[in-house]
Amino acid sequence: MSASLYLIPATLGGAPADALPAGALATVRGLRDFAAENAKSARAFLSALGMPCTMRELRIETIGADAQALLAPLREQRSLGVLSEAGCPGVADPGQALVAAAHAEGFRVVPLVGPSSLLLALMASGLEGQRFAFCGYLPREHAARLARIRALERRSREERETQLFIETPYRADALFNALLEGCAPATRLCVAIDLTLPDESIALRTVAGWRAARRTIGRRRAVFLLLA
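Just so we're clear, the structure is a prediction, and the values are computed from it rather than from any experiment.

Thresholds, definitions, all that
- Residues numbered from 1 in each chain as written.
- Predicted model: local features only at pLDDT ≥ 70, side-chain atom pairs only at ≥ 80, totals over all residues.
- Heavy atoms only, no water.
- Helix = DSSP H or I, 4+ residues; strand = E, 2+ residues; numbered from the N terminus.
- Buried < 20%, exposed > 50% of the residue type's maximum accessible area, 1.4 Å probe, protein only.
- Contact = heavy atoms within 4.5 Å.
- Areas by Shrake-Rupley, 256 points an atom, 1.4 Å probe, with all protein chains shown as cover.
- Lys, Arg positive; Asp, Glu negative; His and termini not counted.
- Charge placed at Lys NZ, Arg CZ, Asp CG, Glu CD.
- Axes fitted to C-alpha atoms, helices over the stretch in contact; angles between N-to-C directions.
- Parallel < 35°, antiparallel > 145°, perpendicular 65-115°, else oblique.
- Left-handed = near helix turned anticlockwise from the far one by under 90°.
- Nonpolar A, V, L, I, M, F, W, Y, C, P; charged D, E, K, R; others polar.
- Core = buried A, V, L, I, M, F, W, Y, C linked by side-chain atoms within 4.5 Å.
- Phe/Tyr/Trp six-rings, centres within 6.5 Å; stacked < 30°, edge-to-face > 60°.
- Polar contact = N/O pair within 3.5 Å; in protein donor to acceptor, adjacent residues only side chain to side chain.
- Pairing = 2+ DSSP bridges.
- Right-handed = clockwise from strand over helix to strand, strands pointing away.

## A word on the overall build of the protein
- The helix and strand inventory of the protein stands at nine helices and 10 strands.
- Considering only C-alpha atoms, the protein reaches an extent of 55 × 35 × 30 Å along its principal axes.
- Put simply, the protein has 228 residues, and 46% of those count as buried.
- Considering only contacts in the protein between residues 6 or more positions apart, those separated by 24 or more positions represent 73%.
- Only carbon and sulfur atoms are counted for the fraction: they give 53% of the accessible area of the protein, which is about 10900 Å².
- Taken together, the 27 basic and 22 acidic charged side chains of the protein have centroids lying 4 Å from each other.

## Let's talk about the packing of helix α7 (residues 142-159) against helix α8 (residues 172-182)
- One can describe the packing of α7 onto α8 by two numbers: an axis separation of 9 Å at closest approach and a directional angle of 55°. Judged by the inter-axis angle, α7 sits oblique to α8. In this structure, the crossing between α7 and α8 has a hand that is right-handed. Packed against α7, whose contacting residues are His142, Arg145, Leu146, Ile149, Arg150 and Glu153, the element α8 presents Ala174, Leu175, Ala178, Leu179, Glu181 and Gly182 at the interface.
- In the contact of α7 with α8, the residues fall into six nonpolar, two polar and four charged.

## Let's talk about the nonpolar core
- In terms of nonpolar packing, the biggest core is built from 23 residues, with Phe165, Phe176, Leu179, Leu189, Val191, Ile217 and Phe224 touching the most fellow members.
- Within the residue set of this core, elements represented by two or more residues are α7, α8, β8 (188-193), α9 (207-213) and β10 (222-227).
- It is α8 that contributes the most residues to this core, six residues altogether.
- Not counting the four nearest positions on each side in its chain, Phe224 is found in contact with Gln163, Leu164, Phe165, Glu167, Ala172, Leu175, Phe176, Leu179, Cys190, Val191 and Ile217.
- Leu31, Ala42, Leu49 and Ile60 belong to the second-largest nonpolar core, a separate cluster that totals 22 residues.

## Describing the packing of aromatic side chains
- Enumeration over the complete set of coordinates arrives at two aromatic pairs.
- On the basis of an interplanar angle of 15° and a centroid distance of 6.3 Å, the ring pair of Phe165 and Phe224 is categorised as stacked. Note that Phe165 is positioned in strand β7 (residues 162-167) and Phe224 in strand β10, a separation of 59 residues in sequence.

## Observations regarding the side chain of Thr162
- By the element assignment, Thr162 lies in strand β7.
- Within the structure, the side chain of Thr162 is placed 2.8 Å from the backbone oxygen of Glu128, a separation counted as a polar contact.
- Ignoring sequence-local partners within four residues, the contact set of Thr162 consists of Leu122, Leu127, Glu128, Arg131, Phe132, Ala133, Leu225, Leu226 and Leu227.

## A word on the pairing of strand β3 (residues 59-62)
- Examined bridge by bridge, strand β2 (residues 33-36) and β3 share four bridges and lie parallel to one another. The partner of Asp33 across the bridge, within β3, is Arg59.
- One crossover worth recording links β2 to the parallel β3 by way of helix α2 (residues 39-48), and it is right-handed.

## Remarks on the environment of Asp173
- Note on placement: Asp173 falls in helix α8.
- Given a relative accessible area of 24%, Asp173 falls into the partly exposed group.
- With sequence-adjacent residues up to four places away left out, Asp173 is seen in contact with Thr216, Ile217 and Gly218.

Structural data, given as structure tokens:
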């Protein structure tokens, strides 16, 4: 079989071997060429997976602007693995330009099974799973963030569509407070924190319920989902 581009989901923070099923683990352990969001964390992830070679035998290039250059192993008939920091490459993480370049040159692209914080949060939210949209990061500036939240709430109400978005841990509480300020009391809001980790927390309440709970998130990884 010709060389393939393998998209490798990384752990969301737990043991790396828990992130992939046995078949995917076997595929990754057979690779020697990787493109990664961060080479240092990629080496740590691969080392913990029990690669049957030394780390010096692996070629790990950082994903950057030149996707064409990263495809060199595929042109030499060697399969290439793509790793992001956590979760799935190309989904709220770098990798899509590399995938598009591989498609353009006719290489086989293979997504491996593994954790996605967005899908895990949606599964556990109890919100609309037939129609949903991932909106990425919301604006940092308070007024612009509130305007965006209200626009997403209107869209959710009109389309009966769950809206998903994320934020960096150090701004999670700011986004959470903006949601409580900007959304209607009856809007349902799910907050999924530290998914797959021992201190995982997933809760669904109305905005009014969250206001009464006086909850804070702290500097933790969170996915937010709302349905008006």
